[in-house]
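Residue strings, one per chain:
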Amino acid sequence: MNLIKLHKKQAFFIIGAVICYILFSYYLERSDFLNLLLLYSGLFYCTWRIIKATHFNFWTLAGVGVIFRLLFLPAIPNLSQDFYRFLWDGRLLIQGINPYLFTPKQLLEGASTALSLTSIDSIAQWQQLISGMGELNASHYSNYPPINQLCFAIAALFSKSAILGAVISLRVLIIAADIGILYFGKKLLEKLNLPVKNIFWYFLNPFIIVELTGNLHFEGVMLFFVVWSLYLLHKEKWIWAAVLLGISVSVKLLPLLFLPLFFKYLLSNDKARTSILGLQLNTRSITKTVLFYLITLGTVLLTFAPFLSKEFIANFAATIGLWFQNFEFNASVYYIIRWIGFQTVGWNIIGTVGKILPLLVIAFILSLAFFRRNSTSQKLITAILLSVSFYFLLSTTVHPWYVATPLILSVFTRYKFPIVWSFMVILSYAAYGENGFSENLVLVTIEYTVVIGCAFIEIFYRNKLHKTKLLAWFNPPI
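Just so we're clear, the structure is a prediction, and the values are computed from it rather than from any experiment.

Quick notes on the rules
- Residues numbered from 1 in each chain as written.
- Predicted model: local features only at pLDDT ≥ 70, side-chain atom pairs only at ≥ 80, totals over all residues.
- Heavy atoms only, no water.
- Core = buried A, V, L, I, M, F, W, Y, C linked by side-chain atoms within 4.5 Å.
- Buried < 20%, exposed > 50% of the residue type's maximum accessible area, 1.4 Å probe, protein only.
- Contact = heavy atoms within 4.5 Å.
- Phe/Tyr/Trp six-rings, centres within 6.5 Å; stacked < 30°, edge-to-face > 60°.
- Helix = DSSP H or I, 4+ residues; strand = E, 2+ residues; numbered from the N terminus.
- Lys NZ or Arg CZ within 6 Å of the ring centre and 35° of its normal.
- Salt bridge = Lys/Arg side-chain N within 4 Å of Asp/Glu carboxyl O.

Student: How would you summarise the nonpolar core if you had to cite specific residues and measurements?
Tutor: If you look at the biggest cluster of nonpolar residues, it comprises 150 residues, and the most contacted ones within it are W88, Y202, F262 and I408. Beyond its immediate chain neighbours, meaning those up to four positions away, I408 contacts I181, I199, Y202, L223 and V227. Judged by nonpolar contacts, the second largest core, of 7 residues, contains V249, V300, F304 and F307.

Now the structure itself:
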């Protein structure tokens, strides 16, 4: 009877989640924030109950996670329009056009001497793609690294003239990456002697399914290579780990932040003869560390090589700079600084602050790299988690899908505040109302107050939390 009741509970919440995902993917409008919040909350509740009711049957949870993702397969993303730019870049590539050299607006206006409107006419559905990506996106150069561009080109090859077909192709790649994260994440957890169930805080998380599978963001592909790299590094296969880390950078540039944090980890694994920065070293460990960095950066350079030119460097650097000095969305500390700027000088000081905040992030990361003992895999991953979280804390722009990185890293650490963040970040969608874009700073304040509060409590009061059993929510009796 208990088994029958268990199966009924499983079926009830799985069906409930399926209904929510279908409503989310096919009927929800981004501007309908109340329904968005209710569906998202319902998905989190159903997911919690599914994990609890299964008594942790790994393959049941894995299968459920795949099914949830497949529900989105023929759906056009409804919370993000970035995929139109993905398809645009991919179709340029298969036409032999470098997507880094021209903005969509330039090609549309025939501003390039190398290309004309005739070239645009050869790109299927170019009007719909440019209209869909929006004026802001169409006026900037592409900032997606080469391996990410390869994914766009694959989608374009499989579907040269149909947007839905290309969307399905991109979605299959993202789902495959998530399955890869499940596979290598499970292995890494086993190697670290951590509960394997932790991986489902990522794989079954509605945030991941909605933002990556649903909205076609490629953080999951980047993180697949990161998790695979960390797994191989733990097994001391550092050469292939370096290659995979380089590939992850060529999907999204974010892992470049991680690189200094590997320094002490790589130097601390061999028997030593010389003391440097508090580490006992020998020639072998120094050589390995240098080669790791050279292989990683060499892999990045190799992937960029087909596109390298003076124009590419100028365009790519200018576009990346926009994220720090022009764009603002869902920020935390920066919004406080911006308010102070308005009160003191009377205007938006993003141009100045956008140059200073990255320096503070670099200083913080270097301090973790050289003054923290990142001698084990778990300590290394914890340092990466803290670095990424600090980076987002000081960023001028934090799109919801960015939280995927701290979320997967938290799986391998003792910190759980990114799970809370993966729920609270949905509040940022209140900015997209029926009357246009307008951020609700009250909701932004609530989001970061909760997230930063949870992080602070976890960092400084974790032992007391264990005594009061407040962390049991994250560790159900399964």
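Student: Please provide a residue-by-residue account of the packing of aromatic side chains, values included.
Tutor: Counted according to the given criterion, the structure contains 44 aromatic pairs. With a centroid separation of 4.9 Å and 85° between ring planes, the pair formed by Y183 and F184 is classed as edge-to-face. Take Y183: its relative accessible area is 48%, and that puts it in the partly exposed class. Geometrically, the ring pair formed by F262 and F292 is tilted, given 5.4 Å between the ring centres and 35° between the ring planes. Here the residue F262 occupies a position in helix 14 (residues 262-267), and F292 occupies one in helix 15 (residues 283-304), the gap between them amounting to 30 residues. The pair F262 / F292 is uniform in exposure class, with both members buried. Taking NZ or CZ as reference, K186 lies 5.3 Å from the ring centre of F58, over its face.

Student: Could you give an account of the side chain of N330, with specific residues and numbers?
Tutor: Mapped onto the secondary structure, N330 falls in the loop between helix 16 (310-325) and helix 17 (333-344). If sequence neighbours within four positions are ignored, N330 has contacts with Y335, V398, V425, S428, E439, V444, E447 and Y448.

Student: For the environment of I147, give the residues involved together with the corresponding values.
Tutor: Structurally, the position occupied by I147 is in helix 8 (residues 146-158). By relative accessible area, I147 is classed as buried at 18%. Remark: the alpha-carbon pair of I147 and S248, spanning 101 residues in sequence, is separated by 8.2 Å. Once you skip the residues sitting within four places of it in the chain, I147 turns out to touch I247, S250, V251 and T303.

Student: A description of the pattern of salt bridges should follow, citing residues and the corresponding values.
Tutor: Under the counting rule described, the total for this entry stands at 6 salt bridges. Here K186 and E190 are joined by a salt bridge, their closest N and O atoms 2.7 Å apart. Of this pair, K186 and E190 both sit in helix 9 (residues 163-191), 4 residues apart, which is roughly one turn of the helix. On the basis of relative accessibility, which here comes to 23%, the residue K186 falls in the partly exposed class. With a relative accessible area of 39%, E190 lands in the partly exposed category. Its salt-bridge partner being E328, residue R338 comes within 3.1 Å of it at the nearest N-O pair. You can see R338 sitting in helix 17 and its partner E328 sitting in the loop between helix 16 and helix 17, a full 10 residues away along the chain. Residue R338 is classed as buried on the basis of its relative accessible area of 15%.

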